[in-house]
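# Remarks on the overall topology
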Amino acid sequence: MALVVGIVIGAGIFSAPSLVAMHAGSPAAMMMAWIVGGMISVAGALCYAELASTYPHAGGDYHYLRRAFGTRLSFLFAWARLTVIPTGSIALLGYIFGDYATQIANLGPASPAIYAAAIIVVLTLVNVAGLSTGKWTQNLLTALEVGGVVLIIAVGLLFAPETAPAAPAAPASGVANWGLVLIFVMLTYGGWNEAAYISAEASGPGRTLPRALFWSLALITLLYLLVNLAYLNVLGQDGMGASSAVAADMMRRALGEPGAQLIALLIAISALTSANATILTAARTTYAFGQDTPAFSMLAKWHPQWNTPVNALWVQAAISLALVALGAFTRSGFATMVEYTAPVFWLFFVLSGVALLVLRRKDPGTHRPFRVPLYPLTPLLFIATSGYLFYASLRHTGVGALVGVAVLGVGALLMLAQPRGRTPSAS
């Protein structure tokens, strides 16, 4: 439970709620979206629990897709990991850091982009040099992150100003844009898929894994509901939707400028922590991709003295900086990065759900320590919701989504040039 909660609760909960409020038709619709997000996450986590416990492998989705569909599709997933999903997340976290660092020291109209670019360069240098924060440091920063969530809940529910916020106004259509709302909601639930296959090493996974996943996601859903109630209680839906740093604006209204400065600092640290972890882990996936793919062998250079994947780190940084520039061009950095990653992210969730169905048929005799309850309804529900979110991320978003799909299209052309490999056996 601690592992899942630690991975899932990240900096997104301090930025995404304003975008959810902007596109929700009412406070009730806004709160329902967070409940629906928790339910989708539980269904997906149960699917990944079966895949992880049956086919334990450090490659996670890459390994499941390779077993189910062969090497070409797994190549496309590896390309997406190199160019879209982690790099988009790094740029997104850079913008969260930039939005809240700007609350402390504003550098001008391009302040969030400047902070985002600077932090990507600095953290990449730190990782290239092989410097790492100690375990106690990571624990401390994680505690500060969770502490920020608890502080927001307490202040928003207990210390709201006496003057009530203005009554929320629904969008012109009077109806929530559920596609966009769920895209931003599900962003904040991201990470349970990684936690599921890491947790496959737990003893007795058939009993402990589903319970840990269910109760941790239930706890996360409760925390997210309370955070959004706190925002709503202080700012109202209109105030949330108009904010670029909703947590800081809430604290400013409730406790004044010192409160806003404190929460902005905590959130900036939170985004910094998440960005550093993403840079470190994603570069190693890129390094492994370079080892497996001759055309990208330059990514597999490991520095003998610093003991780091230097080329993978710098290529990853270059792509992330290009995405920061894209966000600066659209003048909506955080939202553009969500748009960029969302279609590709949800496409591969659809394929991972289908992989579960395929592997059930291909490997009927394989021992499965955990089986998805209500099969095949649960994986079909997950596939359907992921498919809808893939559609919504194309239908309702802007230039960021088009760029993300175009980059994946380049990977598809490269995929067709790859030799067909043999699908791994079930052993």
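In what follows, the accompanying structure is described. Predicted model only: the values in this text are computed from it and were never measured.

Okay, the packing of helix 4 (residues 61–69) against helix 15 (residues 333–362) next. How two helices pack is summed up by the angle between their axes together with the distance between the axes. Running from N to C, helix 4 and helix 15 cross one another at 50°; their axes reach a closest spacing of 9 Å. With respect to each other, helix 4 and helix 15 are oriented oblique. In this structure, helix 4 crosses over helix 15, and the sense of that crossing is left-handed. Across the interface between the two elements, Asp61, Tyr64, Leu65, Arg67, Ala68 and Phe69 from helix 4 touch Phe348, Leu351, Ser352, Val354, Ala355, Val358, Leu359 and Lys362 from helix 15. For the contact of helix 4 with helix 15, the class distribution of residues is 10 nonpolar, 1 polar and 3 charged.

Quick look at the packing of aromatic side chains now. Tallied over the full model, the rule gives 16 aromatic pairs. With a centroid separation of 5.7 Å and 75° between ring planes, the pair formed by tryptophan 34 and tyrosine 224 is classed as edge-to-face. Note that tryptophan 34 is positioned in helix 3 (residues 27–54) and tyrosine 224 in helix 11 (residues 205–241), a separation of 190 residues in sequence. The two residues tryptophan 34 and tyrosine 224 agree in class, both being buried.

Here we come to the environment of proline 210. Assignment of secondary structure puts proline 210 in helix 11. Sequence-wise, proline 210 and valine 372 are 162 residues apart; in three dimensions their C-alpha atoms are separated by 8.9 Å.

So, on to the pattern of salt bridges. All told, the structure shown has 4 salt bridges when counted by the stated rule. In this structure, arginine 368 engages glutamate 50 in a salt bridge whose closest nitrogen and oxygen atoms are separated by 3.3 Å. Of this pair, arginine 368 sits in the loop between helix 15 and helix 16 (377–395) while glutamate 50 sits in helix 3, and the two are 318 residues apart along the sequence. Overall, the relative accessible area of 0% leaves glutamate 50 in the buried class. Aspartate 249 is the partner of arginine 252 in a salt bridge, and the nearest nitrogen-oxygen pair spans 2.8 Å. Of this pair, arginine 252 and aspartate 249 are both found in helix 12 (residues 246–255), 3 residues apart, which corresponds to roughly one turn of the helix. By relative accessible area, arginine 252 is classed as partly exposed at 26%. Sharing partners across several salt bridges, the network here consists of Glu50, Arg360 and Arg368.

With that settled, the discussion passes to unusual backbone geometry. With omega at 5°, the peptide bond leading from tyrosine 375 into proline 376 counts as cis. Mapped onto the secondary structure, proline 376 falls in the loop between helix 15 and helix 16. With a phi angle near 60°, leucine 374 is a residue other than glycine that sits in the positive phi range. Tracing the backbone through its elements, the reader meets leucine 374 in the loop between helix 15 and helix 16. When its relative accessible area of 64% is taken as the criterion, leucine 374 is described as exposed.

On the surface, Met32, Ile35, Met39, Trp178, Tyr388 and Tyr391 cluster together into a nonpolar patch covering about 590 Å² of accessible area. Looking at the nonpolar patch, the elements that each hand over two or more residues are helix 3 and helix 16. In terms of residue count, the dominant contributor to the nonpolar patch is helix 3 (3 residues).

Our next topic: helix 17 (residues 399–416). Counted at 1.5 Å a residue, the expected span for helix 17 with its 18 residues is 26 Å, and the 26 Å between its end C-alpha atoms agrees. Taken together, the buried positions of helix 17 are Gly400, Ala401, Gly404, Leu408, Gly411 and Met415. Considered in projection along helix 17, the buried side chains sweep an arc of 95° and stay on one side of the axis. For helix 17, exposure combined with an orientation more than 90 degrees from the buried face picks out Leu402, Leu413 and Leu416. Structurally, helix 17 contributes buried residues whose contacts are with helix 5 (71–83), helix 15 and helix 16.

A word on the packing of helix 7 (residues 111–128) against helix 14 (residues 310–330). Where helix 7 contacts helix 14, the two axes come as close as 10 Å, and the packing angle between them is 175°. What the angle tells us is that helix 7 and helix 14 run roughly antiparallel. Between helix 7, through Ala113, Ala116, Ala117, Ile120, Val121, Thr124, Leu125, Asn127 and Val128, and helix 14, the contact on the second element is made entirely by Val310, Leu313, Trp314, Ala317, Ser320, Leu321, Val324 and Ala328. Of the residues assigned to the contact of helix 7 with helix 14, the class counts are 14 nonpolar, 3 polar and no charged.

Enumeration according to the criterion identifies 1 cavity of 30 Å³ or more in this entry. If you trace the largest cavity, you find it lined by Met186, Tyr189, Gly190, Gly191, Trp192, Asn193, Phe345, Trp346 and Phe349. Elements with a contribution of two residues or more to the lining of the largest cavity: helix 9 (178–189), helix 10 (192–198) and helix 15. With 3 residues, helix 15 is the largest single contributor of residues to the lining of the largest cavity. Class assignment of the residues belonging to the lining of the largest cavity gives a composition of 6 nonpolar, 3 polar and no charged.

The next thing to look at is the layout of surface pockets. Reported here for the second largest pocket is a volume of approximately 510 Å³. The leading source of residues in the lining of the second largest pocket is helix 6 (residues 85–104), at 4 residues. The residue inventory of the lining of the second largest pocket, partitioned by class, reads 10 nonpolar, 10 polar and 2 charged.

Parameters and conventions
Residues numbered from 1 in each chain as written. Predicted model: local features only at pLDDT ≥ 70, side-chain atom pairs only at ≥ 80, totals over all residues. Heavy atoms only, no water. Axes fitted to C-alpha atoms, helices over the stretch in contact; angles between N-to-C directions. Helix = DSSP H or I, 4+ residues; strand = E, 2+ residues; numbered from the N terminus. Parallel < 35°, antiparallel > 145°, perpendicular 65-115°, else oblique. Left-handed = near helix turned anticlockwise from the far one by under 90°. Contact = heavy atoms within 4.5 Å. Nonpolar A, V, L, I, M, F, W, Y, C, P; charged D, E, K, R; others polar. Phe/Tyr/Trp six-rings, centres within 6.5 Å; stacked < 30°, edge-to-face > 60°. Buried < 20%, exposed > 50% of the residue type's maximum accessible area, 1.4 Å probe, protein only. Salt bridge = Lys/Arg side-chain N within 4 Å of Asp/Glu carboxyl O. Patch = residues over 30% accessible without salt bridge, like charges linked within 9 Å, V, L, I, M, F, W, Y side chains within 5 Å. Areas by Shrake-Rupley, 256 points an atom, 1.4 Å probe, with all protein chains shown as cover. Expected span 1.5 Å × (residues − 1). Arc of directions from axis to C-beta. 1 Å grid on protein atoms, 1.4 Å probe; cavity = no way out; pocket = protein on both sides within 12 Å on 5 of 7 lines; lining within 4 Å. Points joined across faces, edges and corners; volume = space filled by probe spheres on them.

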